[in-house]
Each structure stands twice: as structure tokens, then as C-alpha cells.
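# What the coordinates show
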Amino acid sequence: MLRLLRDPSLIPSEKLTTLSNIANLAETLSMSCYLVGGSVRDLLLGRPINDLDVIVEGDAIALGKKLVETYGGKLTPHFKFNTAIWYLPESTDFVDLITARKEVYEKPGALPNVTPSTIEDDLRRRDFTINAIAVRLGGEGFGEILDPLKGQADLGRGVIRALHPKSFLDDPTRIFRAIRYEGRYSFSIVPSTVDQINPEALKVLHSLSGERIRHELDLILDEGHAALTMLRVASLGILDVIHPKMPEFAQDWAEYLEMDMQLDIPADRRTMGYMLWFMDLSEEDVISISNRLDFTNELTLSVWAAAQLKRSLVHLFGAKPSEWTYALEKLPLLSIYAVYLVSRENALLSYISIWRHVKPHTTGDDLKKLGLQPGPRFGEILLSLRSAWLDGVLSNKTEEEELLHKLLSTHL
Ligand code: CTP
């Protein structure tokens, strides 16, 4: 493991220094600490790591405070679980410091009761064998692997295996996690763990809050293989459990999630995913699913707008550029782009890239200078000028001035 820990293509040197600093300080406090979870799994798979999760046999918040005293940065403690996030100074990096613990789930799907414990217990409380491997930090044993649940063997086999038969009852969000790892690593969930996605576990999943379910769907949409992963979610009968009107996520949309937009629109993969997914639903179903998944108002509006626009396309076919522009102007740009992707209606792209920017040379100030009092006529005249530009009636400033004078004389 030492070789992997020292491989700069997997772990940047600053992260390694951070781990050594934590280990050294923990030693002075007679605490043992370990790197665990996703970063160990990814290192062993030869993949670069992101987040650092450090388990402390001892008080993680006390260690965090000491780290801030010694190295600076900021600490956000969470007293309920005795964990802390240490934000490093002058960096966007942070480390999760977690007191080694045992968990007891008193009610399926609810958050667990926790008591401080050992690294072994901490590994046992986790979701899958591949996520239950620890690497010792500090002391003589720096880099030593602790793998009591045989996670390395499962990594080698490419399988996802729950640690105990009630894992999905305790926390049904793990069902999504298992499916996410399958897609990401091209692994497969072992049959005995698939069997645990049974009606009892799905019932608990059904009772989860919209926010928790949406968070899991967000994470799937972030993945490179989101569309395939969503197919697996559907094939395991999970969509209906979330909401009876949830449609399947079409494979054709996979490429649309990889938006490499040259267009000047803020791209958001999750919003795009939900818009594509729910675009063909009725207004009523869009609202009902948005409520179930606890969408923000902004996300609901984006999805709703995409669905409305797709439905109204048939009435817009053959319309003039100005008509397209005024119909589209109040809709979120990303919704328009999503409808373009599925319909390939060129007017939508023309609106995004050209028409929305078209403005007449004449401004309200110019109209005032011509002696016009501000009022609804202002807007009407400017709109007529803009429409004339959009629809190709005007091609230069002189033509615009001529039209303006015509409009002023008819409006007088
Ligand atoms: N974990 C768990 N049960 C959950 C969530 C997390 O047991 N419902 C444990 C796993 O050991 C996991 C670790 O907490 O490895 C960290 O969780 P998280 O950061 O969500 O996942 P990662 O393993 O880092 O995976 P990813 O790469 O998808 O973020």
C-alpha cells in the first residue's frame, strides 16, 4: 500500500503530507488513525482519489481542534456523531475526521445510534466489503492494510457484497450506492446481495424522504455511466417504489449528459438529467414527481418548462423568428437546450445562439430624445423594431431609422 500512497498520479503530494500530519499529531495524543472508505477502495483500484476519510480511535473532534491549532484551517464539528470536517488553510481541500464507532439502527431507514468503538467495529458498520478496508496511518505500521472483511478479494473479483443481511433495511440508500458502483467500476452485485433488494427493503426505501432519494439520484446523474446505471435502477423495480409515474431513463440521452456546450449557457448535468427524464410527462405528473423528490422551485420550473415547450413545439413549427423568440424568452435557457437535443428543432438553437441577443439600435433614451413620453408605446415601438430585425426585414441602421419614423408617424 505504501507504493500506492506514494504514487503522485493517485494521491497528490499535499494530500499525503496532510495524512502524515494527521498521523503524527494523532500519535502525540495516543490515538490510532486510519484512512478508510472510498479513497482506500480507489487507491487499490489504481484510481486517483478525491475525499479523505480518516477514522480515529479516540476523540475525532479533539484531534481536529489540535490540527487547527498546529496547522491552521477551520474545523466544523458534528457533536452527534463525534465527527469533524477539517478545512485546510489556503486550500479547497478538507478531511473528514470520524470517531471509530459502532452503529445500531433502531428503526429501518432512520439514522443510527452510535457509540465510540474500534476500527474493526467501524469497518463492520459499513455498506460493502469493498468500502470496508482501512489503511493504518502513523507509527511503524504506516501504510499497513486492515481488511478483516475481505474487501480486497472482492475488489479483485469485481463484486459488490453487502456486509450483513440487514444492510439495505438499515439504510436503503445503499441500494443506490451498490448500483452506482456497479456502473462506475463495471462490477456486479453478488446474487445474495441482489436478493436483499427485496419487497421488505423496497418498502423501507419507499418511506425515505424525497431529499434522501433525490440525493442518490443526483449522484447517479453525476456518474459517467448514468444512463446505464438508471437502467439498472429500473430493472430492479426501484422506479415504481419512488413514484408510480417515474418513467425509464432512455439510453439515447447518455450523450446529452456529456454536454460540451459551446453555447453561452450555464450547464448543469443534474438539471439536464431530470429535464430529459421527465420531459414527456403531463404537467400534473411533473409537479407530483417534483414534490416527491423535493426539487427546488428552480429545478421544478426547469423541468416543467422543458415539458411545456416540448408539447407546444407543434404549434410553433413554421413560426417567424420573432414569434419563436417571444415564446421562448421567459423559459430557462437550459430547458430550451434540452428540448433542442431531443427534437433537433433548429429554431431553438437559433434562439439560443442568435435571436435572443438581437436588439434594435434604438433605445428608450433615443425615443425620449425624439420627444416621446415613456409609456406602453415605448415598448411597442421597440418590440416592432426588434421583430423587424429578427424577421430579416431590416439589415442596417438606416433602414431601422426609416422604420422608426414610419412607426412614430403611425403611432402619433
Ligand atoms: N458508507 C456506508 N453507508 C452509507 C454511506 C457511506 O457504509 N450509506 C461508508 C462507506 O464505507 C463509504 C464511506 O462511508 O466508503 C464514505 O462514504 P461516501 O463518501 O459517501 O462514499 P465513497 O465510498 O467515498 O464513494 P464515492 O466515491 O461514491 O463518493
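Residues numbered from 1 in each chain as written. Predicted model: local features only at pLDDT ≥ 70, side-chain atom pairs only at ≥ 80, totals over all residues. Heavy atoms only, no water.

## Considerations on the domain arrangement of the protein chain
Assigned domains within the protein chain: domain 1 (2-157), domain 2 (173-249), domain 3 (250-357) and domain 4 (364-411). Here the C-alpha centroids of domain 1 and domain 4 sit 66 Å apart. (Domains from an automatic or database assignment.)

## Some words on the layout of surface pockets
Here the largest pocket is characterised by a volume of approximately 1,500 Å³. Along its surface, the largest pocket is lined by 42 residues, and Asp 53, Arg 125, Arg 126, Asp 127 and Arg 177 are the ones closest to its centre. Breaking the lining of the largest pocket down by element, the ones donating at least two residues are helix H3 (38-44), strand E5 (94-99), strand E6 (101-104), helix H8 (173-185) and helix H11 (210-222). For the lining of the largest pocket, the element with the most residues is H8, which contributes seven residues. Looking at side-chain class alone, the lining of the largest pocket contains 12 nonpolar, 10 polar and 20 charged residues. (1 Å grid on protein atoms, 1.4 Å probe; cavity = no way out; pocket = protein on both sides within 12 Å on 5 of 7 lines; lining within 4 Å. Points joined across faces, edges and corners; volume = space filled by probe spheres on them. Helix = DSSP H or I, 4+ residues; strand = E, 2+ residues; numbered from the N terminus. Nonpolar A, V, L, I, M, F, W, Y, C, P; charged D, E, K, R; others polar.)

## Describing the pairing of strand E2 (residues 52-57)
Across five bridges, strand E1 (residues 32-36) lies against E2 in antiparallel orientation. If you follow Cys 33 over to E2, its bridge partner there is Val 56. Here E2 pairs with E5 via five bridges, running parallel. Note on E5: the bridge partner recorded for Val 56 is Thr 99. (Pairing = 2+ DSSP bridges.)

## Description of helix H12 (residues 226-235)
Every buried residue belonging to H12 is among Ala 226, Ala 227, Thr 229, Met 230, Val 233 and Ala 234, and all of these are buried. Buried positions in H12, seen along its axis, are confined to an arc of 160° and lie on one side of it. Turned more than 90 degrees away from the buried face of H12 sit Leu 228 and Ser 235, all of them exposed. Against H8, H11, helix H13 (239-242), helix H14 (254-257) and helix H15 (269-278) lie the buried residues of H12. After H12 finishes, the residue Gly 237 shows a positive phi value of roughly 75°. (Buried < 20%, exposed > 50% of the residue type's maximum accessible area, 1.4 Å probe, protein only. Arc of directions from axis to C-beta. Contact = heavy atoms within 4.5 Å.)

## Examining the environment of Leu 385
Residue position: Leu 385 is located in helix H22 (residues 376-390). When near neighbours in sequence (up to four residues on either side) are disregarded, Leu 385 contacts Pro 360, Thr 362, Leu 394, Glu 400, Leu 403, Leu 404 and Leu 407.

## Section: the packing of helix H18 (residues 321-328) against H22
Running from amino to carboxyl end, H18 crosses H22 at an angle of 120°, the nearest separation of the two axes being 8 Å. When the interaxial angle is binned, H18 and H22 end up oblique. On the side of H18, the interface is formed by Pro 321, Ser 322, Thr 325 and Tyr 326, while H22 contributes Leu 383, Arg 386, Ser 387 and Leu 390. (Axes fitted to C-alpha atoms, helices over the stretch in contact; angles between N-to-C directions. Parallel < 35°, antiparallel > 145°, perpendicular 65-115°, else oblique.)

## Side note on the pattern of salt bridges
Within this structure, the stated rule accounts for 26 salt bridges. With its nearest N and O atoms 3.2 Å apart, the salt bridge here joins Glu 144 to Arg 136. Looking at Glu 144, the relative accessible area reads 38%, which means it is partly exposed. Connected through salt bridges with shared partners, the residues Arg 101, Glu 103, Asp 122, Arg 125 and Arg 126 form a single ionic network. (Salt bridge = Lys/Arg side-chain N within 4 Å of Asp/Glu carboxyl O.)

## Section: the pairing of strand E3 (residues 74-78)
By the bridge criterion, five bridges tie E3 to strand E4 (residues 83-87) in an arrangement that is antiparallel. Pairing of Thr 76 across the sheet is with Ile 85, part of E4. A loop of four residues connects E3 with E4, the two strands running antiparallel in sequence, and Asn 82 in this loop sits at a positive phi of about 55°.

## Remarks on the site of the ligand
In the vicinity of the ligand lie 14 residues, with Arg 126, Asp 127, Asp 171, Arg 180 and Arg 184 positioned nearest. Within the side chain of Arg 180, one N or O atom sits 2.8 Å away from an oxygen atom of the ligand. Residue Arg 184 places a side-chain N or O atom 2.7 Å away from an oxygen atom belonging to the ligand. In isolation the ligand has 570 Å² of accessible area, and contact with the protein removes 74% of it. For the shell around the ligand, the leading source of residues is H8, giving six residues. When its residues are assigned to classes, the shell around the ligand shows one nonpolar, four polar and nine charged. Two domains share the shell around the ligand, each providing at least three of its residues, namely domain 1 (2-157) and domain 2 (173-249). (Near = heavy atom within 4 Å. Polar contact = N/O pair within 3.5 Å; in protein donor to acceptor, adjacent residues only side chain to side chain. Areas by Shrake-Rupley, 256 points an atom, 1.4 Å probe, with all protein chains shown as cover.)

## Examining the sheet that holds E2
Strand order in the open sheet made by the seven strands is E3-E4-E5-E2-E1-E8-E9, with mixed pairing throughout. Single-partner strands in this sheet number two, and they are E3 and strand E9 (145-146). Bridging between E1 and strand E8 (residues 134-137) involves four bridges; their strand directions are antiparallel. When the bridges of E8 are listed, Leu 35 appears paired with Val 135. Helix-sheet contacts for helix H4 (residues 60-71) involve E2, E3, E4 and E5, and the interaxial angle to E3 is about 170°.

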